[in-house]
Amino acid sequence: QVQLVESGGGLVQAGGSLRLSCTASTRTFFSRYDMGWFRQAPGKEREFVAAIDGNGDHTKYGNSVKGRFTISRDNAKSTVSLQMNSLKPEDTAVYYCVGNLKRLRLVVYPDQYDYWGQGTQVTVST
């Protein structure tokens, strides 16, 4: 069982940056879990943003954020972060931290993740 708590959302102007953090509470080693981020804008389906494997060696990004967002993790602190640069109004959404036990490869569909945080709002103004 893993509990995830996000922080760092807020309001930012287009072109600005935000850093989201997610802290995990688990009775086992945090490195056993692949972690990621999804987002959901009003009236839209949940969208894959980024994922990182348990050791932090491999990452995967959604096409809409490649080159602008960076996912990272600190296994000693049981945290995963999402650095978001060059933000656009279309990045406005609720961002969710997600996790699952390590798989052979990083996955990108919502139903492939077992653990979800409560979400944090990111709003990008023009």
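For the structure, see preceding data.
### Thoughts on unusual backbone geometry
- One non-glycine residue, S78, lies in positive phi territory at about 55 degrees.
- When you line up the elements, S78 lands in the loop between β7 (69–74) and β8 (79–84).
- The residue S86 is not glycine, and still its phi comes out positive at about 50 degrees.

### As for the sheet that holds β7
- The strand order β1-β3-β8-β7 describes an open sheet built from 4 strands, whose pairing is antiparallel. In the strand order of this sheet, the two ends are held by β1 (2–7) and β7, each with one partner. The average angle at which neighbouring strand axes cross in this sheet is 20 degrees, direction not considered.
- When β1 meets strand β3 (residues 18–26), the two strands line up antiparallel, connected through 6 bridges.

Thresholds, definitions, all that
- Each chain carries its own residue numbering, running from 1 in the written order of its sequence.
- The predicted nature of this model means local features are confined to residues of pLDDT at least 70 and side-chain atom pairs, given and counted, to a pLDDT of 80 or more, with totals for whole chains, interfaces and linings taken over all residues.
- Side-chain measures here rest on the full set of heavy atoms in the structure, leaving out hydrogens and waters.
- Secondary structure counts use DSSP, requiring at least four H or I residues in a row for a helix and at least two E residues in a row for a strand, with both numbered from the N terminus.
- DSSP bridges decide pairing: two strands pair if at least two such bridges lie between them.
- Angles shown run from 0 to 180 degrees and are taken between the N-to-C directions of axes, each axis being a line fitted to C-alpha atoms and, for helices, limited to the stretch in contact.

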